[in-house]
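The chain contents come next:
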Amino acid sequence: VAERLAVLNFNCPVVMVAGTNGKGSNVALTAAILTAAGYRVGTYTSPHLIRYQERIQIAGQCISDQDLCRAFLEIEKNRLDISLTYFEFGTLAAFCYFKQAALDAIILEIGLGGRLDAVNCVDADLAIISMIDLDHMDWLGDTREKIGFEKAGIMRPNRPCVCGDFAPPQSILNTAQSLASPLYRQGIEFDYKMQTQSWTWTSQQLSLRDLPLPNIDLQNAATVLQAIELLGDHFIITPLAIQEGLRRVFIPGRFHIIEKNARRIIIDVAHNPAGGECLSKRLANTPCLGNTYAVAGMLADKDIINTLRPLRHHVDHWTVCDLIEPRGAKAEKLKQALLDLEVTQTILEFSSPEIAFQHAYRKLQKNDRLLVFGSFHTAAAIYRCLDN
């Protein structure tokens, strides 16, 4: 269908992002820096939080209902007797929209894995693999090596790949070698160091000092800066544009701090062990003078106990909830996981994220904070709750 639509090639560089965690942050910061440098960027991401249109954006603006329906109609005309999944329809719609737009760069986020993902029908000029951990094991395999092999499927012969994992699986190294794809590895070809109010990034070619701390994890930010250096063959990107992009970057649900009525709410979509570790690290770097309340809602097929494990020492009051989704876990399952982790605090159970949030929010005192995490579904429910 993509061939019939003539959407497999674009007149601008394409960056493709895969990985277990950090994909959205990599897309957001790459787009923010290129935008700050004066370029017009299209982004395709998933899943969305509130509206489907969030997935397809140009220059930070979501696709309109009319343009989305126009793209779907074009796909419907061209698919003939070929059946398409929900995700395949959406991916082709993004490609159709980008094809008719005047863009300087396109950044595509892989939906699941990489090698067999619909997004990967396009050839990337630059591949980014953020971090590799155990998730979606029914589809991608039950080891980091197997999962790494699937993610490495976005590489193309003789085209560079940036890997943000400090210890990438051998399968990624092997794929890069077999494709003669130049591989840039975190901690080897590039690295970063955090200071109190700033950070430093170094590569084989460059050193950037006194960088502003962004609202995303520095491991992801460092990965993006290596990608930006490589994109220097296509764009003029000044250190000032890099600094501006770091200041501007924002992505909902990634340690998003909201101050409301003198109370602090943190919303994070962490939903697997690697996400839990990252969230734990960011909580440790953001001390709280009061108590930390948590609202957790997760999908049943996630590694619940190992996602909760690194967070158990950061939370003073636990609130768990049912997720009313086909794959949603019951609050009882999360409570049992916390008990298995020997959590001694009281654990309250609720039938939805909204009710759990309202209960916990009413308990907040001065200097307390409320952490919401566990799933995109949980985060979306709380964003809707706050909007209301």
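Criteria and thresholds
Residues numbered from 1 in each chain as written. Predicted model: local features only at pLDDT ≥ 70, side-chain atom pairs only at ≥ 80, totals over all residues. Heavy atoms only, no water. Helix = DSSP H or I, 4+ residues; strand = E, 2+ residues; numbered from the N terminus. Rg over C-alpha atoms; globule rule 2.2 N^0.38 Å. Buried < 20%, exposed > 50% of the residue type's maximum accessible area, 1.4 Å probe, protein only. Areas by Shrake-Rupley, 256 points an atom, 1.4 Å probe, with all protein chains shown as cover. Pairing = 2+ DSSP bridges. Axes fitted to C-alpha atoms, helices over the stretch in contact; angles between N-to-C directions. Core = buried A, V, L, I, M, F, W, Y, C linked by side-chain atoms within 4.5 Å. Arc of directions from axis to C-beta. Contact = heavy atoms within 4.5 Å. Nonpolar A, V, L, I, M, F, W, Y, C, P; charged D, E, K, R; others polar. Disulfide = S-S within 2.5 Å. Phe/Tyr/Trp six-rings, centres within 6.5 Å; stacked < 30°, edge-to-face > 60°. Lys NZ or Arg CZ within 6 Å of the ring centre and 35° of its normal.

Check the secondary structure of the protein chain and you find 14 helices and 17 strands. In terms of C-alpha radius of gyration, the protein chain reaches 21 Å, essentially the compact-globule figure of 21 Å for 388 residues. C-alpha atoms of the protein chain, sized along the principal axes, occupy 55 × 55 × 40 Å. Residues counted as buried form 56% of the 388 residues belonging to the protein chain. Of the roughly 17400 Å² that the protein chain leaves accessible, carbon and sulfur atoms contribute 49%.

Across the sheet, six strands lie side by side as β12-β13-β17-β14-β15-β16; this open sheet has mixed pairing. Taken across any chain shown, the strands that pair with only one partner, and hence form the sheet edges, are β12 (256-260) and β16 (347-350). When the angles between neighbouring strand axes are averaged without regard to direction, this sheet yields 20 degrees. Here β12 runs beside strand β13 (residues 263-267); their pairing, made up of five bridges, is antiparallel. Note that in β13 the partner of Glu 259 across the bridge is Arg 264.

Of all hydrophobic cores here, the largest spans 47 residues; its most connected members are Ile 56, Phe 98 and Leu 108. At nine residues, helix α4 (residues 86-99) tops the list of elements feeding residues into this core. Judged by nonpolar contacts, the second largest core, of 38 residues, contains Val 27, Ala 32, Val 41 and Ile 107.

Further remarks concern the pairing of strand β5 (residues 105-109). Of all five residues in β5, five are buried, a share of seventy percent or more. The alternating pattern of β5 places Ala 105, Ile 107 and Glu 109 and Ile 106 and Leu 108 on opposite faces, both of which are buried. Judged from the four bridges that link them, strand β1 (residues 14-18) and β5 form a sheet pairing that is parallel. Bridging across to β5, Val 14 finds its partner in Ile 106. With four bridges connecting them, strand β2 (residues 41-44) and β5 associate as parallel partners.

It is worth spelling out helix α6 (residues 144-151) at this point. Those residues of α6 lying buried are Ile 147, Gly 148, Glu 150 and Lys 151. End-on view of α6: buried residues confined to an arc of 160 degrees, all on one side of the axis.

By secondary structure assignment, the location of Gln 197 is in the loop between β9 (190-194) and β10 (199-203). Gln 197 sits in the exposed class, given a relative accessible area of 67%. When the C-alpha positions of Gln 197 and Ile 56 are compared, they lie 34 Å apart, and in sequence the two are 141 residues distant.

For the rest of this paragraph, the subject is the packing of α6 against helix α7 (residues 170-179). In contact at an axis separation of 7 Å, α6 and α7 are set at 35 degrees when each is read in the N-to-C sense. Residue-level inspection shows Arg 144, Glu 145, Gly 148 and Phe 149 of α6 in contact with α7, the latter providing Gln 170, Ser 171, Ile 172 and Thr 175. Partitioned by chemical class, the residues of the contact of α6 with α7 number two nonpolar, four polar and two charged.

Simply put, the disulfide is a covalent bond whose two ends are the sulfur atoms of two cysteines. Counted by the stated rule, this structure contains zero disulfides. Unpaired in this structure, Cys 12 has its nearest cysteine sulfur neighbour in Cys 121, at a distance of 15 Å. Note on Cys 12: relative accessible area 11%, which makes it buried. Here Cys 321 is not disulfide-linked; the sulfur of Cys 385 is the nearest cysteine sulfur, at 11 Å.

Time to look at the packing of aromatic side chains. Under the defined criterion, the tally for this structure stands at ten aromatic pairs. Measuring from ring centre to ring centre gives 6.0 Å for Phe 72 and Phe 89, while their planes differ by 75 degrees; the resulting arrangement is edge-to-face. Separated by 17 residues along the polypeptide, Phe 72 in helix α3 (residues 65-79) and Phe 89 in helix α4 bring together distant segments of the chain. Aromatic ring contacts, followed pair by pair, group Phe 166, Tyr 192 and Trp 199 into a single cluster. Here the guanidinium or amino end of Lys 99 rests over the ring plane of Phe 10, the centre of that ring lying 5.6 Å away. It is Arg 263 that lies over the ring of Tyr 361; its NZ or CZ is 5.7 Å from the centre.

The next thing to look at is helix α9 (residues 239-248). By the burial criterion, the buried members of α9 are Ala 241, Ile 242, Gly 245 and Leu 246. The buried residues of α9 occupy an angular sector of 135 degrees when the element is viewed end-on, so they sit on one face. Those residues of α9 that are exposed and aimed more than 90 degrees away from the buried face are Leu 240 and Arg 247. Buried positions along α9 lie against α2 (23-36), β10, β11 (207-211) and α8 (218-230).

Just geometry here; none of it tells us what the structure is for.
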